[in-house]
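Each chain, written out:
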Amino acid sequence: MRGQGAAGDRPGGGRLHRRNDRPLCPRRISAAFRHARDTMNIFKILRDDIVKTIEDLGRQGKLPAGLDTSRVTAEPPREAGHGDISTNAAMVLAKAAAMNPRDIAQLLVAELARLPAVSAAETAGPGFVNLRLTDPVWYAQLADLLAAGTAYGDSDMGRGRRVNVEYVSANPTGPMHVGHARGAVVGDALASLLAKAGFDVTREYYINDAGAQVDVLARSAHLRYREALGEVIGEIPEGLYPGDYLCPLGRALAERFGRRYLEAPESDWLAEFREAAVAAMMEMIKEDLVRLGVRHDVFASERQLHAEGKVAAALEFLTGQDLIYTGVLEPPKGKLPDDWEARPQTLFRATRFGDDVDRPLRKSDGSWTYFASDIAYHLDKYRRGFAHMIDVWGADHGGYVKRMQAAVKALTGGDGGLDVKLCQMVNLLKNGEPYKMSKRAGTFVTLREVVDEVGKEVVRFIMLTRKNDAQLDFDLVKVLEQSRDNPVFYVQYAHARAHSVLRHAAEMFPGLALDGPSLAGTTLDRLTDPAEIALIRQMAGWPRLVESAAEAHEPHRVAFYLYDLAAAFHGLWNKGKDEVALRFLVAEDQGLSAARLALVRGVATVVASGLAVFGVQPVEEMR
RNA sequence: GCGCCCUUAGCUCAGCCGGAUAGAGCAACCGCCUUCUAAGCGGUAGGUCAGUGGUUCGAGUCCACUAGGGCGCGCCA
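Calculation criteria
- Residues numbered from 1 in each chain as written.
- Chains lettered and ligands numbered in written order.
- Predicted model: local features only at pLDDT ≥ 70, side-chain atom pairs only at ≥ 80, totals over all residues.
- Heavy atoms only, no water.
- Helix = DSSP H or I, 4+ residues; strand = E, 2+ residues; numbered from the N terminus.
- Buried < 20%, exposed > 50% of the residue type's maximum accessible area, 1.4 Å probe, protein only.
- Contact = heavy atoms within 4.5 Å.
- Lys, Arg positive; Asp, Glu negative; His and termini not counted.
- Charge placed at Lys NZ, Arg CZ, Asp CG, Glu CD.
- Pairing = 2+ DSSP bridges.
- Core = buried A, V, L, I, M, F, W, Y, C linked by side-chain atoms within 4.5 Å.
- Phe/Tyr/Trp six-rings, centres within 6.5 Å; stacked < 30°, edge-to-face > 60°.
- Lys NZ or Arg CZ within 6 Å of the ring centre and 35° of its normal.

**A closer look at the overall build of chain A**
Part 1 of the reasoning: Check the secondary structure of chain A and you find 20 helices and 15 strands.
Part 2 of the reasoning: Overall size of chain A, expressed as C-alpha extent along the three principal axes, is 85 × 60 × 40 Å.
Part 3 of the reasoning: For chain A, the residues scored as buried account for 53% of the 623 residues in total.
Part 4 of the reasoning: Of the contacts made within chain A by residues no fewer than 6 positions apart, 74% connect residues no fewer than 24 positions apart.
Part 5 of the reasoning: Separation between the mean location of the 78 positive side-chain charges and that of the 82 negative ones in chain A comes to 3 Å.

**Some points on the side chain of Thr53**
Part 1 of the reasoning: With respect to the helices and strands, the residue Thr53 is situated in helix H1 (residues 42–59).
Part 2 of the reasoning: When neighbours within four sequence positions are excluded, Thr53 is seen to be in contact with Leu108, Glu111 and Leu112.

**Considerations on the environment of Leu418**
Part 1 of the reasoning: Tracing the chain through its elements places Leu418 in strand S12 (residues 417–423).
Part 2 of the reasoning: Once the C-alpha coordinates of Leu418 and Gly66 are considered, the two residues, 352 residues apart in sequence, prove to be 35 Å apart.

**Quick word on helix H14 (residues 456–463)**
Part 1 of the reasoning: The element H14 is largely enclosed, with a buried count of six among its eight residues.
Part 2 of the reasoning: Turning to H14, its buried residues are Val458, Val459, Arg460, Phe461, Ile462 and Met463.

**Quick word on the sheet that holds strand S9 (residues 345–348)**
Part 1 of the reasoning: If you trace the three strands from one edge of the open sheet to the other, you get S8-S9-S10, paired in antiparallel fashion. Lying at the two open borders of the sheet, with one neighbouring strand each, are strand S8 (324–327) and strand S10 (359–360).
Part 2 of the reasoning: Pairing of S9 with S10 involves two bridges; the strand directions are antiparallel. Bridge pairing in S10 links Leu347 to Pro360.

**So, the sheet that holds strand S13 (residues 426–430)**
Picture the strands of a sheet paired through backbone hydrogen bonds; they go either parallel or antiparallel.
Part 1 of the reasoning: An order of S14-S13-S15 is seen for the three strands of this open sheet, with the pairing classed as mixed. Unpaired on one side and paired on the other, strand S14 (433–434) and strand S15 (472–475) mark the two borders of the sheet.
Part 2 of the reasoning: The sheet contact formed by S13 and S14 spans two bridges and is antiparallel. Residue Leu429 lies in a different strand from S14, and its bridge partner there is Pro434.

**Comments concerning unusual backbone geometry**
Part 1 of the reasoning: Not every positive phi belongs to a glycine, and Arg159 is a case in point at roughly 50°.
Part 2 of the reasoning: Relative to the helices and strands, Arg159 resides in the loop between helix H4 (135–148) and strand S5 (162–166).
Part 3 of the reasoning: The phi dihedral of Val168 is positive, around 75°, even though this residue is not glycine.
Part 4 of the reasoning: The residue Val168 is located in the loop between S5 and helix H5 (178–196) in this model.

**Some thoughts on the environment of Asp215**
Part 1 of the reasoning: In this structure, Asp215 sits in helix H6 (residues 212–228).
Part 2 of the reasoning: Classification of Asp215 as buried rests on a relative accessible area of 17%.
Part 3 of the reasoning: Ignoring sequence-local partners within four residues, the contact set of Asp215 consists of Leu270 and Arg274.

**Some thoughts on the nonpolar core**
Part 1 of the reasoning: With 157 residues, the main nonpolar core has Leu142 and Phe474 as its most contacted residues.
Part 2 of the reasoning: The element that contributes the greatest number of residues to this core is helix H20 (residues 590–614), accounting for 13 residues.
Part 3 of the reasoning: If sequence neighbours within four positions are ignored, Leu142 has contacts with Leu524, Leu527, Ile536, Met539, Ala598, Leu599 and Gly602.
Part 4 of the reasoning: Counting 33 residues, the second largest nonpolar core, distinct from the first, contains Phe348, Leu379, Trp393 and Met404.

**Remarks on the packing of aromatic side chains**
Part 1 of the reasoning: Applying the stated rule across the entire model yields 18 aromatic pairs.
Part 2 of the reasoning: Geometrically, the ring pair formed by Phe348 and Phe353 is stacked, given 6.2 Å between the ring centres and 5° between the ring planes.
Part 3 of the reasoning: On the basis of relative accessible area, Phe348 is assigned to the buried category, the value being 0%.
Part 4 of the reasoning: With a centroid separation of 5.2 Å and 25° between ring planes, the pair formed by Phe489 and Tyr493 is classed as stacked. Separated by four residues within a single helix, Phe489 and Tyr493 lie in helix H15 (residues 487–508), roughly one turn from each other.
Part 5 of the reasoning: Taking the relative accessible area as the measure of exposure, Phe489 reaches 13% and is therefore buried.
Part 6 of the reasoning: Take Tyr493: its relative accessible area is 27%, and that puts it in the partly exposed class.
Part 7 of the reasoning: A network of ring pairs unites the aromatic residues Tyr206, Phe348, Phe353, Tyr370, Phe371, Tyr377, Trp393 and Tyr400 as a single cluster.
Part 8 of the reasoning: The ring of Trp573 has Arg497 lying over it, and the distance from NZ or CZ to the ring centre is 3.5 Å.

Pasting the structure below:
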């Protein structure tokens, strides 16, 4: 069970991409040589120009030749007053060049000011070079985004490398609850984000259908089977699953087997009941996932790994590397388990790969531990072509991360990488009060109930409004509020408002084509208000955000970006309230209106592009 | 006891491989609006980034230690 939990972890050492593993950038601004994807990131274009300038200065002897430019950045300064793009080049080159950063900055300013895209260049602070770009650059950015549609922001950063994202992996013993939902949504959105960033993504679900808990499930099902045949079962005994979701399964089993297994010993029916129960539970979970809009490409079965001998094979592989031995572990410090006793075990040398202790692979009854199957599973993933793996787990599995990463290192000879995203607890609230719909103790609110109450779009978005490793409050009332402090509403409203303007425009200018590509072709230099340019600038940051969020494996950044973009759009709209001249639609000036409609369409496009990463359908009208 | 994670404004949280004066929403305070395009709008105030020390030209960000909180700690998954 990897579904939910409580303590957190940062992405840390398991990141998939190395720092220097930079994407290939288009060399020039020239459209003819642009790659089909990843064409429109203005920051990359300028970074290329800056690097080229440094190389030119090297050739001219004004700077040492062959300077390492890998740490040079081109990014928006925090302070808008500092310009559109800021580079740290002078500071990171200073040491190697044995020059004062401000002198290097001066050299760069002189060269960069000559670029057609640059309207002003200046040095600032300890050696920053700040660039201001001409308005036509921003018009071109807007035109590009309108032409691209929701594909805007697509990147080839991943260069088609394969990534496996494993998420949900809830035990097939009951319906999904809200804790599972977080992992499901985080995994699903992360997968989409990586796909947008140019990775070849496979979405995977690991079915834990081999452990002791599925035997418990089978026994619980047998109880419900007896109940369905008329027995009074009374209280569900300790150690069995009490949920009444097993009743339909009991009835189905009664229908299928009649009274055949009513009095029969467990050994007669266990395997058959287990199989039927797991199938029924998986069907239920898959239905939960469908309602949440979460999909997987592969469902991998733990039982099947065993059946195909892959567990034995994986451990044989490790044995061949002398990574498995029989030994006795130190007793854990602190509270000892009651029945602890020193005993020789089959152990994996996890300490060689950074873990704190070596980890057991066999239980005392001789069967494999969960870890042993998981080793086989990750080896299987690697052999299927995934050097890059991401697992999304509940935070209560934090103690398991090191050993799994150790195993992946051992299995792949260091070639493979595993990043584990731990999802913290979801606190379900209703109007600020803890909400536990438990009819009896221990009953979780099911995901299905929550989805039925607020809708899948809301569940998905809210689950992504926090870092995965921070706890998340989910208030069933607040998430439906129509106000600025409800990010789902606020972002959706921006999209709806944009479409509202477009609908008005269609009435006002019946002949005007309002689709993205058409608007991309309109004359955009009517956009002159600083707030309008600022909005374009913000939208032009979308491709950059996609890449950084994908690199960090942090889909929640998309939520914050969209919220900020929505705020800027609403702000501009509100300005039009006071200053009539700033309204998007000006009846007597179709040219101006068309330019502003391009802006409006752009906002709708970027919002839709972002929501698509979340699997959230943008609305065109608030109801 | 050990390991991992967390600690940023009164509250809930952002802060992009270390970068310039640390941001947003809510709450608070002060104004405005009341149909003009759609569910209000604008502004003010609020911070020893838990603490101490270190690395660095530069630390909320990296390192060490301390305090508080969470999770985990052989044969559960």
